[in-house]
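Chain and residue survey
Residue-level listing of the chains:
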Amino acid sequence: MEKNIDWQKEDLNYIWHPCSQMKDYEKLPPIVIEKGEGINLYDVNGKCYKDVVSSWWCNLLGHCNPEISNALKKQADILEHVIFANFSHKGIIKLSMELAKILPKGLKKFNYSDNGSSSIEMAMKMSFQYFQQTGKPRKIKFMALTDGYHGETIGALSVGACDLYSKIYKPILMDVIHIKAPDCYHCPFNKNRDNCSCECAKFAQESFEKYADETCAILVEPLLQGSAGMRIYPSLYLKKLRQLCDKYDVHLIADEIATGFYRTGKMFACNHADISPDIMCLSKGLTGGYMPFAAVVTTDEIYNAFYDDYLKHKAFMHSHTYSGNPLGASCALAVLDIFKKGEIQEQLKETTPYFNNLIKENFLNLDNVGEVRSIGLINAIELVQDKKEKIHFNSKLRLGYQIYNKALKKGVLLRPLGDVIYFNPPLIIQKQDMDYAVKVARECTVETLKENGFM
Ligand SMILES: *Cc1c(COP(=O)(O)O)cnc(C)c1O
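Residues numbered from 1 in each chain as written. Predicted model: local features only at pLDDT ≥ 70, side-chain atom pairs only at ≥ 80, totals over all residues. Heavy atoms only, no water.

The next thing to look at is the overall build of the chain. Of regular secondary structure, the chain possesses 15 helices and 16 strands. On C-alpha atoms alone, the chain measures out to a radius of gyration of 22 Å, which is about the 23 Å that the 2.2 N^0.38 rule sets for 455 residues. Taken along its principal axes, the extent of the C-alpha atoms in the chain is 65 × 60 × 45 Å. Within the chain, the fraction of its 455 residues that count as buried is 53%. Considering only contacts in the chain between residues 6 or more positions apart, those separated by 24 or more positions represent 71%. (Helix = DSSP H or I, 4+ residues; strand = E, 2+ residues; numbered from the N terminus. Rg over C-alpha atoms; globule rule 2.2 N^0.38 Å. Buried < 20%, exposed > 50% of the residue type's maximum accessible area, 1.4 Å probe, protein only. Contact = heavy atoms within 4.5 Å.)

This part is about the side chain of S227. Inspection of the secondary structure assignment puts S227 in the loop between β8 (224-225) and β9 (231-232). If we skip the residues at most four places from it in the chain, S227 touches W57, Y149, C162, Y165, E221 and L417.

Strand order in the open sheet made by the seven strands is β4-β12-β11-β10-β7-β5-β6, with mixed pairing throughout. Looking at the sheet topology across the chains shown, the edges are occupied by β4 (109-113) and β6 (177-179). Going across the sheet, the axis of each strand differs from the next one's by a mean of 20°, ignoring polarity. For β4 and strand β12 (residues 294-298), the ladder comprises five bridges, and the chain directions are antiparallel. Bridge pairing in β12 links K109 to T298. Lying on the sheet, helix α9 (residues 235-248) is in contact with β5 (141-145), β6, β7 (215-220) and β10 (251-255); it crosses β7 at an angle near 170°. (Pairing = 2+ DSSP bridges. Axes fitted to C-alpha atoms, helices over the stretch in contact; angles between N-to-C directions.)

The next point concerns the site of the ligand. If you check the shell around the ligand, you find W57, N115, G116, S117, Y149, H150, G151, E221, D255, I257, A258 and K284 and nothing else. Measuring from an oxygen atom of the ligand, one finds a side-chain N or O atom of S117 at 2.5 Å. Here an oxygen atom of the ligand sits 2.6 Å away from a polar atom, N or O, in the side chain of K284. Considering the ligand on its own, with 380 Å² of exposed area, one finds that the protein chains cover 83% of that surface. (Near = heavy atom within 4 Å. Polar contact = N/O pair within 3.5 Å; in protein donor to acceptor, adjacent residues only side chain to side chain. Areas by Shrake-Rupley, 256 points an atom, 1.4 Å probe, with all protein chains shown as cover.)

Packing of helix α3 (residues 66-78) against helix α12 (residues 326-341) brings their axes to within 8 Å, and their N-to-C directions diverge by 145°. Judged by the twist between their axes, the crossing of α3 over α12 is right-handed. For the pair α3 and α12, the contacting residues are E67, I68, A71, L72, Q75 and A76 in the first and P326, L327, S330, C331, A334, V335, I338 and K341 in the second. Per-class residue counts for the contact of α3 with α12 are ten nonpolar, two polar and two charged. (Left-handed = near helix turned anticlockwise from the far one by under 90°. Nonpolar A, V, L, I, M, F, W, Y, C, P; charged D, E, K, R; others polar.)

This brings us to the nonpolar core. Formed by 110 residues in total, the largest nonpolar core has its most connected members in L95, F208, I218, Y237, F261 and F423. Counting residues per element, this core draws most heavily on α12, which supplies ten residues. For this core, the two domains that each supply at least three residues are domain 1 (31-64 + 343-451) and domain 2 (69-340). Core analysis: the second largest hydrophobic core is formed by 24 residues, A123, A144, I253 and I302 among them. (Core = buried A, V, L, I, M, F, W, Y, C linked by side-chain atoms within 4.5 Å. Domains from an automatic or database assignment.)

Here we come to the environment of A144. Residue placement: A144 occurs in strand β5. On the basis of relative accessibility, which here comes to 0%, the residue A144 falls in the buried class. As a C-alpha pair, A144 and A161 span 17 residues in sequence and 8.3 Å in three-dimensional space. With residues near it in sequence (within four places) discarded, A144 still touches V159, V176, I177, H178, I179, I218 and L219.

Time to look at the packing of aromatic side chains. Geometrically, a pair of aromatic rings is defined through the distance of the ring centres and the angle of the planes. Applying the stated criterion across every chain, the model contains 15 aromatic pairs. Taking 5.3 Å as the distance between ring centres and 70° as the angle between the ring planes, the aromatic pair formed by Y149 and Y165 counts as edge-to-face. One end of the pair, Y149, is in the loop between β5 and α6 (154-159); the other, Y165, is in helix α7 (residues 163-166), and 16 residues separate them in sequence. Aromatic pair F189 and F203: ring centres 6.0 Å apart, planes at 35°, arrangement tilted. Linking F189 in the loop between β6 and α8 (201-211) with F203 in helix α8, this pair joins segments that are 14 residues apart in sequence. The class of F189 is partly exposed, set by a relative accessible area of 26%. (Phe/Tyr/Trp six-rings, centres within 6.5 Å; stacked < 30°, edge-to-face > 60°.)

The next thing to look at is a nonpolar patch on the surface. Together, I154, I168, Y169 and I172 make up an exposed nonpolar region whose accessible area comes to about 430 Å². Looking at the secondary structure, you find I168 in the loop between α7 and β6. (Patch = residues over 30% accessible without salt bridge, like charges linked within 9 Å, V, L, I, M, F, W, Y side chains within 5 Å. Salt bridge = Lys/Arg side-chain N within 4 Å of Asp/Glu carboxyl O.)

On to the packing of helix α13 (residues 343-363) against helix α15 (residues 431-451), then. Axis separation between α13 and α15 bottoms out at 10 Å; the angle between their running directions is 20°. The orientation of α13 relative to α15 falls into the category roughly parallel. The handedness of the crossing between α13 and α15 is right-handed. Mapping the contact onto sequence places E350, T351, Y354, F355, L358, I359, N362 and F363 in α13 and K431, M434, D435, V438, A441, R442 and T445 in α15. Here the contact of α13 with α15 is composed, by residue class, of eight nonpolar, three polar and four charged. (Parallel < 35°, antiparallel > 145°, perpendicular 65-115°, else oblique.)

Right, let's talk about the side chain of S323 for a bit. Tracing the backbone shows S323 in the loop between α11 (300-304) and α12. The exposure class of S323 is buried, given its relative accessible area of 8%. Setting aside residues up to four positions removed in sequence, S323 forms contacts with H81, F84, Y112 and S113.

Let us now look at the domain arrangement of the chain. Interfaces are frequently sized by the accessible area removed from exposure as the parts join. Domains assigned within the chain are domain 1 (31-64 + 343-451) and domain 2 (69-340). Measuring from the centre of the C-alpha atoms in domain 1 to the corresponding centre in domain 2 gives 27 Å. The interface is formed by 31 residues belonging to domain 1 together with 26 residues belonging to domain 2. Note on domain 1 versus domain 2: buried area summed over both sides is about 2600 Å², and carbon and sulfur give 65% of it. Taken as a group, W57, L60 and I375 account for 26% of the area that domain 1 buries against domain 2, more than any other trio of residues on that side. Here domain 1 and domain 2 share one salt bridge between them. Where R193 meets E371, a salt bridge forms, and the shortest distance between an N and an O atom there is 3.2 Å. The interface formed by domain 1 and domain 2 holds 13 residue pairs in polar contact (both at pLDDT 80 or more) in total. (Buried area = accessible area lost by both parts, 1.4 Å probe.)

Below is the structure:
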């Protein structure tokens, strides 16, 4: 029966894809994937795509990684799910013990959920409730950075600041204090991110002075504002935020959903700044991209503020049906086991500088490349119409989308953010795949610029 199914047609008959204008599928129908292996995805016709965006930044160690797959298969035969109130299971206990060993100091109490956005909601409620229960009930607001992204549920959208996702919902979003984020490419102080003193932290300082009394927490994507176009800022900025949070009694919530697990070259982005947040959110790479799973990790201090007689109503009543799911835990444990061997880290020491240089060599010499920036294996290429004046292209041209279409034809899955082309490949990517993906990205960029009359 399967033989007669027109997959693309039936997909469009039934499926409303996320984060897409469905009308675009008239020209570019959905690519129906049959199987994955390493950084390769194969569609139903056998065509191969190099997945250099880690399938929405979550695939960490390759598709169908044998070690993670085996762990998952084994777990499925032992225990697939169990209620997580009053009940527990070995996998989640082991996982928490292992994570506690590698997390920044002080983070040792684990709450689990099943996706990044829900972990953000959890972190926000936890911080708010903490201050309600510790004699500072006026602290009810959140701060966050402009151009930040924290997910798409209503609370997460409120602290995020990408108009593309949140603009229409403004009337139903919370009132959040947005602090002007570091924007090194357009630095208002004309400094360089490699040696500045983060003069831009003054914007945060001003907001803390004004609003700290009514603020329970600030949410940040440490070092890398992913959805904003893979914007990278210095670790010193994060250090300064930590100091402000200490001084003004505001929780620092680190959204490491995209940055955790060596994406930035270290286990966590917070490690670059040598700081510990009060609450950390993990998801995406946590299970290697296998299972919807997330963790919210916090300190004893926050945990203890909820610890009391049931009738005092201090408990954190937040729950998700799939909290602490055993299948997710088994994958996360397999991921940590792989890191324990150290081979991935060894490989990265060699492949990271190779990749970063390769991208610089291929793109910096183009007149329409404003900046090439990198952290870990993540590389972003910002296209501009005028390099000197840093003027961007008219977004209506959808140059990034044109490049995306061309690259797909050549078997490379890029997914530019506006006119920022980026690479965020699985950590296991090898040099020859880097060579191919970068070559295709450059060709497609040049062709697109030419077709639009810019070269
Ligand atoms: C993806 C992402 C989220 C949201 O996670 P979902 O699982 O998609 O809900 C939140 N914050 C950051 C930084 C992310 O990259």
